[in-house]
Amino acid sequence: MANIQLPEPRVDLRVVADLVQPGTRVLDVGCGDGALLAFLAATRQVEGRGIELSQAGVNDCVARGLAVVQGDADTDLADYPDDAFDYVILSQTLQATREPRRVLEHLLRIGRRAIVSFPNFGHWSVRLHLGFLGRMPVTENLPYTWYDTPNIHFCTIRDFVTLSHELNAVIEQGVALNAAGQRIPFRAPWVFWNIFGQQAVFLLRR
């Protein structure tokens, strides 16, 4: 088993994995094809569970031997008890939920810690598209046109930090990634992150 080579995960998923302690209980919300859960099981020996909206994603997860059920983050997280997991992960999904504030409240309730990653709508390339071209941006991290995007609640890094404070959540760690997938130093001011970070990953607790 140790000799099996897993596909290299997305940059943000590697950052997420680095935040998870080995041997813990993890719920991956919006787990897609199960790439992150499989990576965590192999490298962190976690007890992983997943919830995924699409049937195709669930099928992919089951084919990997993962414990994943079909469900909607907006409606089904309410069924999970408090402190059921050590970590609840929401990767590149917050902006696609109908009620992101309520979803984040559930993450913080269900898990002792929550890990959230999302594309930053405050990145300079997005500002350039809007400011000079007058069009909704299409970028590597925001690849959809305005009429077929699954993203319905765009936010910036500053927006997310503000929401976290409103929910009295403690930001234990935060990572912003630039266009090259390189980390922007954590001590950089939020305004710097907000302009140059294409995506962000945050570790929160109540």
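Residues numbered from 1 in each chain as written. Predicted model: local features only at pLDDT ≥ 70, side-chain atom pairs only at ≥ 80, totals over all residues. Heavy atoms only, no water.

A.B. asks: Looking at this model, I keep getting lost on the overall build of the chain. Mind explaining?
C.D. replies: A count of helical and extended segments in the chain gives 8 helices and 8 strands. The proportion of buried residues among the 206 residues of the chain is 48%. Contacts in the chain between residues at least 24 apart in sequence constitute 65% of all its contacts with a sequence separation of at least 6. (Helix = DSSP H or I, 4+ residues; strand = E, 2+ residues; numbered from the N terminus. Buried < 20%, exposed > 50% of the residue type's maximum accessible area, 1.4 Å probe, protein only. Contact = heavy atoms within 4.5 Å.)

A.B. asks: Can you walk me through the state of the cysteines in this structure?
C.D. replies: Note: disulfide means a covalent bond formed between the sulfur atoms of two cysteine side chains. Counted under the stated rule, the structure contains 0 disulfides. Left unpaired, Cys31 is separated from the closest cysteine sulfur, that of Cys61, by 3.9 Å. Assessed through its relative accessible area of 7%, Cys31 is described here as buried. (Disulfide = S-S within 2.5 Å.)

A.B. asks: What am I meant to see in the pattern of salt bridges here?
C.D. replies: A side chain of one charge can pair with a side chain of the opposite charge if their charged atoms are brought near each other. Per the counting criterion, the structure on display carries 13 salt bridges. A salt bridge links Arg98 to Asp72, with the nearest nitrogen and oxygen atoms 3.6 Å apart. In this pair, Arg98 sits in the loop between strand E4 (85–91) and helix H5 (100–110) while Asp72 sits in the loop between strand E3 (68–70) and helix H4 (73–76), placing the two residues 26 residues apart along the sequence. Asp72 sits in the buried class, given a relative accessible area of 18%. The network of salt bridges with shared partners includes Asp18, Arg44 and Arg183. (Salt bridge = Lys/Arg side-chain N within 4 Å of Asp/Glu carboxyl O.)

A.B. asks: Sorry if this is basic, but what is going on with helix H2 (residues 35–43) here?
C.D. replies: Inspection of H2 places Leu36, Leu37, Ala38, Phe39 and Leu40 among the buried residues, and these make up the whole buried set. Where H2 is buried, its residues touch helix H1 (11–18), strand E1 (25–29), strand E2 (47–52), E3 and E4. Phi for Gln45, located one or two positions after H2, is positive at around 50°.

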